[in-house]
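Take a look at the letters that make up each chain.
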Amino acid sequence: MTTYGPIPAGPGRQAAFYHPALFYGTEEEYLDGVGSFVRDAVSQEHSVLVAVPGPSLPLLREAVEGSEHVRWVDMHQAGRNPGRILSMLQEFADQAGEHTQVSIVGEPIWVGRTPAEAWEATRHEALINLAFDGRPVSILCPYDTALPEEVLAQAYRTHPVVGDPGAYRASSRYTDPHEVCRDCDMPLPEPQDAVVVPFGERGLALARDRADRWAAAAGLSPASRTDWLLAIGEATSNSVRHGGGRGTLRMWRADGELVAEIRDEGLLADPLTGRRRPDPRATTGGRGVWIMHQVCDLVEIRAAAQGLVLRLHMRLE
Amino acid sequence: MPRAGRTAAPPGRVPSEGRHSSVVFSDDRQWAEHLAVFVRAGLGKGERILYFADTTAPGRVLRALTDAGIDAEGAVARGQLSVSAAAQTYLAGSGFDPDEMIGLWFDATREASASGYRGLRAVGEMSWGARGITGADRLLEYELRIHEEVFAHLPLTAWCFYDRRLMCDEYVSVLADAHLTHRGEPHPGPALRVSPLVDRPGLLMSGSAGYDTRDAVAAAAAALSGAAAPQMELDLAALRHIDAASLALLADAAAGRRDGPPLKVRQAPSPVRRLLQLFPELDSVVEVVDR
């Protein structure tokens, strides 16, 4: 673990990986802490990405001179599924090139996130440390102090540096990302009524057709059904290819959404699987998991010794 | 049939509908009936008839015809009918090669014409496709290609005999769907059906494509990349689902076509459009018309 002494939030940041959590309680603190980070980055001609909840975007734009040099992204949309955020950040950093300093504001957790989303967002925060280790990338993550205690406590474990607009310091609670990921594997609640479809290679087409018909009957829109089927198609084929040749698909309706669970005997050796844009032609490299993250509203991953469980959530809108 | 290299296709197209049929059966009586119908029609039209056996002894073919009241011995004696084993003819070399086979059809049709016949008709027992013969994995690619590359140019009628006792139903279904005309027993539709387009070079894919149908998609991709036609189309109107791997295979096939324009995709269904959104790099080799 890297240790840090007192670190200034803005000027003088080193061309090394820097991943602070910023705790804010008021709009003023938010604009002060995030605004100064972005202004410094712009003035130093970094490649800058700001991905925060939509309502904060106009405030920040106004507070930053040279905002046309910043890529602004509504995290409510781009990060609806926390599992797809890291791919966006890595793609942005890759496009900047090896020798350009990259500065990112990423706010993956906001008041209103469900506990399941918050755990996957915490996993994402931990994985940032693995994905960007050793790269000249700064990622500031604002945390609203109105968030639940448990969420704020995890931020101290996923960020090597923590602080408020005034001062940053090394987090004494910073924890190995793999350990955080294991801790994010909270027990999944059992559904009340699930449709169960066991499948092997010969049953893949049948499983896809069952999933499509069931979702149509449950009221999922045609566009969302396309995504639902793409995700389930990738997950079930992964079970056959990597998860012991077979698996079990379960589907149920939850609060305003449909959930598909794919359970098999597979292992997810690399927790970064599916969190980087893949070559569509490559048969390895997490293409299937990446697609699931892109098209689903939430993907919950439970990788245990006895097998892999994926829960794909699709909102009924 | 003599072996020869590929002969250039003559210009022009001849209506090919109905001349390349799958014949699916599961007992000897059905086999004999199809055989008799086919040979009788050929003799009546003054065509040369070739039977390429796989598991059936040539003598049994002649006896079945004789039993059906056909003068098979006479037809053999005057050179109009020939019964031979695939293993001694087109499978005699290093295995099955679709390109070589296509060339052989041109040669055999030319020879039949030169001998005064009005055309050529052939029966092929296709059960070797289920064995581990080198190149057998290219059988579906071959069946998909010959509608355009052979039948659209030659006065050839061919019935491909699929014996369900020797091949699994799923494989028979996939292969039978590569023909535009079907005879014999109905076969259940496979998860993914791939057929040639009736009136222009290209393929029609319908159903659900995924990891389980990768062999059929690979055959379709090989048929698209190997086809001689300058422009190939892919009609996907009835495709319900396709996975990223299958789309990537088809895009690779399109990219591999020599100097060809992008593969024209008609009636692209929503999963194709969504995958092209996610992977814009595939969009450069497939042209979604009617987008």
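Per chain, residues are indexed from 1 in the order of the written sequence. In the order they appear in the text, chains get letters beginning with A and ligands get numbers beginning with 1. Residues qualify for local features only when their pLDDT is at least 70, as the model is predicted, and side-chain atom pairs are given and counted only at 80 or more; totals for whole chains, interfaces and linings, by contrast, use all residues.

So, on to the overall build of chain A. A tally of helices and strands in chain A yields 10 helices and 12 strands. If you line up chain A on its principal axes, its C-alpha atoms span 60 × 40 × 35 Å. When each of the 317 residues of chain A is scored for burial, the buried share is 48%. Sequence separation of 24 or more characterises 68% of the internal contacts of chain A that already satisfy a separation of 6 or more. Helix and strand definitions here come from DSSP, where helices need a minimum of 4 consecutive H or I residues and strands a minimum of 2 consecutive E residues; each element is numbered from the N-terminal end. Exposed residues have 12 or fewer other C-beta atoms within 10 Å of their own C-beta, buried residues have 20 or more, and partly exposed residues fall in between, where C-beta atoms are placed from the backbone. It is the C-beta atoms, placed from the backbone, that decide contacts: two residues are in contact if theirs lie within 7 Å.

All names here are of chain A. Among the residues of helix α6 (residues 149-158), Gln 154, Ala 155, Arg 157 and Thr 158 are the ones counted as buried. Along the long axis of α6, the arc covered by the buried residues comes to 160°, so they all point the same way. Residues Glu 149 and Ala 153 are exposed on α6 and point more than 90 degrees away from its buried face. Contact partners of the buried residues in α6: β1 (20-24), α5 (115-131), β5 (137-144) and α7 (177-184). Throughout, the arc means the angular range of directions from the helix axis out to the C-beta atoms.

Moving on, we get to the interface of chain B and chain A. The interface of chain B with chain A comprises 18 residues on the first partner and 22 residues on the second. At the level of secondary structure, the elements contributing two or more residues to the side of chain B that touches chain A comprise α8 (244-255) and α9 (270-278) of chain B.

Our focus in this paragraph is the domain arrangement of chain B. Residue and element names in this part refer to chain B. Under the domain assignment, chain B is made up of domain 1 (1-189) and domain 2 (191-291). Domain 1 puts 15 residues into the contact, and the matching count from domain 2 is 16 residues. A per-element tally of the side of domain 1 that touches domain 2 places helix α5 (residues 139-151) first, with 7 residues. In this count, Pro and Cys sit with the nonpolar residues alongside Ala, Val, Leu, Ile, Met, Phe, Trp and Tyr, while Asp, Glu, Lys and Arg are called charged and the others, Gly among them, polar. The class makeup of the residues in the side of domain 1 that touches domain 2 is 6 nonpolar, 2 polar and 7 charged. Domain boundaries shown here were taken from an automatic or database domain assignment.

This part is about helix α2 (residues 58-67) of chain B. Residue and element names in this part refer to chain B. Within α2 the residues assigned to the buried category are Val 61, Ala 64 and Leu 65. End-on, the buried residues of α2 take up no more than an arc of 100°, which puts them together on one face. Facing away from the buried side of α2 by over 90 degrees, the exposed positions are Gly 59, Thr 66 and Asp 67. Elements in contact with the buried residues of α2: α1 (28-45), β2 (48-53), α3 (72-77) and β3 (81-85). Where α2 terminates, the next one or two residues include Gly 69, which has phi positive at roughly 85°.

Moving on, we get to the packing of helix α9 (residues 222-242) of chain A against helix α10 (residues 287-295) of chain A. Residues and elements named next belong to chain A. Interaxial angle, 0 to 180 degrees, is taken between N-to-C directions of lines fitted to C-alpha atoms, where a helix line uses only the stretch in contact. At a closest axis distance of 9 Å, the pairing of α9 and α10 adopts a crossing angle of 155°. Taken together, the axis directions place α9 and α10 in an arrangement best described as roughly antiparallel. Between α9 and α10 lies a crossing of left-handed hand. Where α9 abuts α10, its residues Asp 227, Leu 230, Ala 231, Glu 234, Ala 235, Ser 237 and Asn 238 lie against Gly 288, Ile 291, Met 292 and Val 295. Each angle is binned into one of four classes, with values under 35 degrees roughly parallel, values over 145 roughly antiparallel, values of 65 to 115 roughly perpendicular, and all other values oblique. Whether a crossing is left-handed or right-handed is set by the direction in which the near helix is turned from the far one by less than a right angle, anticlockwise for left-handed and clockwise for right-handed.

Turning our eyes to something else, we now look at the confidence of the model for chain B. For residues with low pLDDT, the predicted coordinates do not support detailed interpretation. Looking at any residue, its pLDDT shows the predictor's confidence there, from 0 to 100. Averaged over chain B, the pLDDT score is 90; the fraction of residues at 70 or greater is 93%. Contacts of residues 1-10 of chain B to residues separated by more than four positions or lying in other chains number 22 contacts, the stretch itself having pLDDT below 50.

So, about the sheet that holds strand β9 (residues 246-254) of chain A. Residues and elements named next belong to chain A. When DSSP finds at least two bridges between two strands, those strands are taken to pair. As summarised here, the arrangement of the 5 strands in space is β8-β9-β10-β12-β11, forming an open sheet in which the pairing is antiparallel. Strand pairing shows two members of the sheet lacking a second neighbour, β8 (195-200) and β11 (298-304), which therefore form its edges. The average angle at which neighbouring strand axes cross in this sheet is 15°, direction not considered. Relative to strand β12 (residues 307-315), strand β10 (residues 257-264) runs antiparallel, the two being bridged by 8 bridges. From the neighbouring strand, Ala 260 faces β12, where its bridge partner is Leu 312. Contacting β8, β9 and β10, helix α8 (residues 204-217) crosses the sheet at an angle of about 160° to β8.

Working definition: the nonpolar core is a set of buried Ala, Val, Leu, Ile, Met, Phe, Trp, Tyr and Cys residues, joined through C-beta atoms within 7 Å. The biggest cluster of nonpolar side chains holds 130 residues, and the ones touching the most others in it are Ala231(A), Met292(A), Leu312(A), Met205(B), Ala220(B), Leu224(B) and Leu250(B). In this structure, Ala231(A) is in contact with Ile291(A), Met292(A), Val295(A), Cys296(A) and Leu312(A), ignoring residues within four places of it in sequence.

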